[in-house]
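What the coordinates show
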Amino acid sequence: MRKNIVAGNWKMNKTLQEGIALAKELNEVLTADKPNCDVVICTPFIHLASVTPLVDPSLMGVGAENCADKAEGAYTGEVSAAMVASTGAKYVILGHSERRAYYGETVAILEEKVKLALANNLTPIFCIGEVLEEREAGKQNEVVAAQLASVFSLSPADFGKIVLAYEPVWAIGTGKTATPAQAQEIHAFIRSLVAGKYGKEIADNCSILYGGSCKPSNAKELFVNPDVDGGLIGGAALKAADFKGIIDAFK
Ligand code: 13P
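Summarised in this report is the structure supplied together with it.

Conventions we followed
Residues numbered from 1 in each chain as written. Predicted model: local features only at pLDDT ≥ 70, side-chain atom pairs only at ≥ 80, totals over all residues. Heavy atoms only, no water. Axes fitted to C-alpha atoms, helices over the stretch in contact; angles between N-to-C directions. Helix = DSSP H or I, 4+ residues; strand = E, 2+ residues; numbered from the N terminus. Parallel < 35°, antiparallel > 145°, perpendicular 65-115°, else oblique. Left-handed = near helix turned anticlockwise from the far one by under 90°. Contact = heavy atoms within 4.5 Å. Nonpolar A, V, L, I, M, F, W, Y, C, P; charged D, E, K, R; others polar. Core = buried A, V, L, I, M, F, W, Y, C linked by side-chain atoms within 4.5 Å. Buried < 20%, exposed > 50% of the residue type's maximum accessible area, 1.4 Å probe, protein only. Pairing = 2+ DSSP bridges.

1. A look at the packing of helix α11 (residues 216–223) against helix α12 (residues 240–247)
- One can describe the packing of α11 onto α12 by two numbers: an axis separation of 8 Å at closest approach and a directional angle of 20°. Here α11 lies roughly parallel to α12, going by the angle between them. As α11 packs across α12, the resulting crossing turns out to be right-handed. Across the interface between the two elements, P216, A219 and F223 of α11 pack against D242, G245 and I246 of α12.
- Across the contact of α11 with α12, the residue classes break down as four nonpolar, one polar and one charged.

2. Section: the nonpolar core
- Of all hydrophobic cores here, the largest spans 66 residues; its most connected members are F159, L164 and F223.
- In this structure F159 touches V151, F152, L154, L164, V194, Y198, I202 and C206, once residues within four positions along its chain are discounted.

3. With respect to the sheet that holds strand β3 (residues 61–64)
- A barrel is described by the order of its strands in space; here eight strands give the closed sequence β1-β2-β3-β4-β5-β6-β7-β8, paired in parallel fashion. Averaged over all pairs of adjacent strands, the angle between strand axes in this sheet comes to 25°, irrespective of strand direction.
- Note: strand β1 (residues 5–9) against strand β8 (residues 230–233), four bridges, orientation parallel. Within β8, the position partnered with G8 by the bridge is I233.
- Across the sheet, helix α9 (residues 180–198) touches β5 (123–128), β6 (163–166) and β7 (208–211), and the angle it forms with β7 is around 145°.

Coordinates in, geometry out; function isn't part of it.
Structure follows, in structure tokens:
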């Protein structure tokens with residue numbers, strides 16, 4: 001069954017103390033008013049071990065924002081998928097456009113990361129999306145198809161475990177959201193690519209989240225589309241009330 005998911009990506013925000021306070025607040029708010037969708041918070045690495053025991057796993061999953069493309073060893077400063085999993089985290093964002101653009105993450109590197117995440121029982125939230133020039137040149141379909149190559153080497157069973165997130169780079173942190181029609185059109189295209197590779201059943205079961213300036217005021221009109229199964233939220237995930245407002249789009 002396809003799941004509706006609202007996932008927060010805290011990016012490089014919040015000290016440990018601030019992150020703990022936000023996780024506690026979210027847990028309280030969602031305990032008082034249960035969500036109608038799966039909820040995930042993806043935090044900086046150093047928050048994970050403190051945050052996971054604070055949240056009720058029946059209300060909220062916790063995830064990392066990245067993991068290494070190597071299993072272990074002499075890779076100073078890196079954090080492995082096994083280390084992420086050892087904190088109790090269940091998810092990991094991979095392929096975020098900020099990682100691709102600023103840290104040179106290629107299709108091949110991401111393929112390794114996705115495989116290591118799955119081998120450690122983490123659910124990858126795998127991000128794809130075009131930059132503005134590509135959208136203006138009408139190349140968005142071509143771009144997302146090429147980015148999917150990282151996950152299209154997976155077995156059908158492994159592909160069935162991942163979550164996809166379409167995040168047009170021109171909409172991230174810009175206040176410029178994709179229109180519901182733009183989101184639906186490309187989400188349906190992404191699902192058709194999955195169906196072409198893995199068949200209709202796996203495609204129908206695949207959650208495809210939208211990310212990019214999603215907020216309480218526009219979440220419902222985006223999520224109501226048949227191929228938009230929730231959101232990956234940046235800025236609006238940093239305040240419990242805003243994040244809850246987006247979660248409530250499923251009510
Ligand atoms: P914003 O919601 O801040 O636009 O960020 C989206 C995003 O990049 C989530 O991964």
